[in-house]
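What follows is the residue order along each chain.
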Amino acid sequence: MRAAQVVHNQPWFVVKILQTVVSEDEEETKMHRTMLFSGIGDVDDFMRYKSGEVFIVDAAFIVTPAHMNGTNGWKMDRLSAVWVAKEPRAPTQVAQIYETCEGVSYGISALETPVEELLNKTLRMTF
């Protein structure tokens, strides 16, 4: 049996890419890949990574645990944008806001501040 246990009830991120690989004889091959990331910082690093390969992000998803999405299990939603915002009670602390294509916003805040109360939203990335 092959399995992986998820021990952290945190959001995870799935990114689908279309990758173009150029061989030594200059032949291009396009491949679809699906990547799983444990944090949005890793997604950001991946998207900024410079290599000899060219890729296009086809779609990005947030996978949320039950306590975040209001259901009794994990849920996957397509992401449209990621924002950073400031905590109203601690302006030096930064919160993340994950906006889905369906119009749902999930917030990650150290002080558990509701998304609608976060201040100075700044766009971090779009998909």
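Located above this text is the structure these notes cover.
This text gives an overview of the structure that appears in the document. (Residues numbered from 1 in each chain as written. Predicted model: local features only at pLDDT ≥ 70, side-chain atom pairs only at ≥ 80, totals over all residues. Heavy atoms only, no water.)

1. Observations regarding the packing of aromatic side chains
Evaluation of the coordinates by the stated rule reveals three aromatic pairs. Judged by centre distance (5.5 Å) and plane angle (50 degrees), the rings of Phe37 and Phe46 are tilted. Relative accessible area serves as the criterion here: at 17%, Phe46 is assigned to the buried category. Between Lys121 and the ring centre of Trp83, over which it is positioned, the NZ or CZ distance is 4.6 Å. (Phe/Tyr/Trp six-rings, centres within 6.5 Å; stacked < 30°, edge-to-face > 60°. Buried < 20%, exposed > 50% of the residue type's maximum accessible area, 1.4 Å probe, protein only. Lys NZ or Arg CZ within 6 Å of the ring centre and 35° of its normal.)

2. Regarding helix α1 (residues 40-48)
Buried residues of α1: Ile40, Val43, Asp44 and Phe46, and no others. Buried residues of α1, seen end-on, are gathered within an arc of 160 degrees and therefore sit on one face of the element. In α1, the exposed residues that point more than 90 degrees away from the buried face are Asp45 and Arg48. Close packing links the buried residues of α1 with β1 (12-22), β2 (28-37), β3 (54-64), β4 (75-86), β5 (94-100) and β7 (119-126). (Helix = DSSP H or I, 4+ residues; strand = E, 2+ residues; numbered from the N terminus. Arc of directions from axis to C-beta. Contact = heavy atoms within 4.5 Å.)

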